[in-house]
Amino acid sequence: MDPQRGIRKPKQLDAAISIRTVFSVDLDRRPYDDERGPDGYLRYKWRGTDPNHPENVALRRAMQANLPLIWFQGIATGLYLPIAPIWFVDEEPVDLQFVVAFDEQQRDTWARTDDARVIDLRRAYADRIVRERLHQPVFREQVLTAYENRCALCRLRHRALLDAAHIRGDAQGGEPVVTNGIAMCKIHHAAFDNRFMAVRPDYGIEVRADVLIEEDGPTLKHALQGLHGRSIEVPRRRSLRPSSALLEERYEEFLSAS
Ligand SMILES: [Zn+2]
């Protein structure tokens, strides 16, 4: 990719080949929301306001020729995750933007409509495909990168064994943002989700009382009981650390369940 440009059109091609969204930690902004239409399709803004800017022309050519594009998503400063293929299926000049499809079905079923029932159906499919193709992979990479590819609880550093755990779950409306995530190994993720232990807003780890007095082999002893009273390791950058409000909410749930 060309790190200097958001929209890339190599000289030897007629159309653009990639677009880019830079990484930012903006706690007040719900990610992606302002870029989605009522139909759930994502929108990508023009470069500036001139429809004939060469980069907008290059994007329009990709749309007209039905060519796939790569969307580089910012994971950290200078680090990107490529999401591909995506397609531009329409243009909304009044709002200075293109309409983005994430798979063939979204691409091939796009058509302008005012039919509320059709919009609802599209929205349901779009919610799922956008979550799978965009939100989940970007969330995982952003969280693992912020925690330097280590479990925040036990420091395990095998990426294949790591997850980005949500503090407030996806199903409860938790946002796919770094401050709603903690990097955890598979066992600690499952233990966290099943309330074997909790992380307090001051980052201290509390193991459930009945688990603490159990007797069993080394996994229980070291991987669970051994965490009690310790603290999680958080990212060095303050803006990437878990939200204390979300930790508080999750900790209250843990207390009332145990
Ligand atoms: Zn772990």
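Here's a quick rundown of the structure. (Residues numbered from 1 in each chain as written. Predicted model: local features only at pLDDT ≥ 70, side-chain atom pairs only at ≥ 80, totals over all residues. Heavy atoms only, no water.)

Those protein atoms acting as donors to the zinc ion are C151 (SG), C154 (SG), C185 (SG) and H188 (ND1), and they sit at 2.1 to 2.4 Å. The coordination sphere of the zinc ion comprises 4 donor atoms, whose angles at the metal cover 95 to 118°; the geometry is tetrahedral. Within one chain, the residues serving as donors to the zinc ion are arranged as C-x2-C-x30-C-x2-H. One end of the pair, C151, is in the loop between α3 (116-146) and β6 (162-166); the other, H188, is in helix α4 (residues 186-193), with 37 residues separating them in the sequence. (Donors = N, O, S within 2.8 Å, 3.2 Å for Na, K, Ca; no water. Tetrahedral: all angles 85-135°; square planar, octahedral: opposite > 155°, others 65-115°. Helix = DSSP H or I, 4+ residues; strand = E, 2+ residues; numbered from the N terminus.)

For M184, the location among the structural elements is in strand β7 (residues 181-185). By relative accessible area, M184 is classed as buried at 0%. For the pair M184 and L161, spaced 23 residues apart in the sequence, the C-alpha separation amounts to 8.5 Å. The residues touching M184, leaving out its near neighbours within four places in the chain, are C151, L153, L161, L162, D163, A165, H189 and F192. (Buried < 20%, exposed > 50% of the residue type's maximum accessible area, 1.4 Å probe, protein only. Contact = heavy atoms within 4.5 Å.)

A separate point is the side chain of Q225. Checked against the element boundaries, Q225 lands in the loop between α6 (218-224) and α7 (244-257). A polar contact of 3.1 Å, which involves the side chain of Q225, links it to the backbone oxygen of L212. Of the polar contacts made by the side chain of Q225, one reaches the backbone oxygen of E214; its length is 2.9 Å. Contact partners of Q225, with chain neighbours within four places excluded, come to V211, L212, I213, E214 and L220. (Polar contact = N/O pair within 3.5 Å; in protein donor to acceptor, adjacent residues only side chain to side chain.)

This paragraph deals with α7. In this model α7 runs 20 Å from its N-terminal to its C-terminal C-alpha over 14 residues, within 8% of the 20 Å that 1.5 Å per residue would give. All buried positions along α7 are accounted for by L246, L247, R250, Y251 and F254. Projected down its long axis, α7 shows its buried positions confined to an angular sector of 130°, all on one face. Exposed residues pointing more than 90 degrees away from the buried face of α7 are listed as A245 and S256. Lining the buried residues of α7 we find β6, β7, α4, β8 (197-199) and β9 (205-207). (Expected span 1.5 Å × (residues − 1). Arc of directions from axis to C-beta.)

A separate point is the pairing of β7. The element β7 is extensively covered by neighbouring structure, given that 5 of its 5 residues are classed as buried. By the alternation rule, side chains of β7 split into G181, A183 and C185 and I182 and M184, which are all buried. As defined by bridge partners, β6 adjoins β7 across 5 bridges and the pair is classed as antiparallel. In the strand pairing of β7, H166 is matched with G181. (Pairing = 2+ DSSP bridges.)

What follows is about the side chain of N56. Examined against the element boundaries, N56 turns out to sit in helix α1 (residues 54-64). Owing to a relative accessible area of 0%, N56 belongs among the buried residues under this scheme. Those residues in contact with N56 that lie beyond four places of it in its chain are I7, W46, R47, D50, P51 and F98.

Looking now at the packing of aromatic side chains. Given two aromatic rings, one states the distance between the centres and the angle between the planes to describe the pair. Taken as a whole, this structure holds 6 aromatic pairs when the rule is applied. Seen from their ring centres, W71 and F102 are 6.2 Å apart, and the 20° between their planes marks the pair as stacked. Here W71 is found in strand β3 (residues 69-76), whereas its partner F102 is found in the loop between β5 (97-101) and α2 (104-109), with 31 residues between them in sequence. With a relative accessible area of 3%, W71 lands in the buried category. Judged by its relative accessible area of 1%, F102 is buried. Each ring, one from Y251 and one from F254, has its centre 6.3 Å from the other, and the planes form 20°; the classification is stacked. Of the two residues, Y251 and F254 are both situated in helix α7; the distance of 3 residues between them amounts to about one turn of the helix. (Phe/Tyr/Trp six-rings, centres within 6.5 Å; stacked < 30°, edge-to-face > 60°.)

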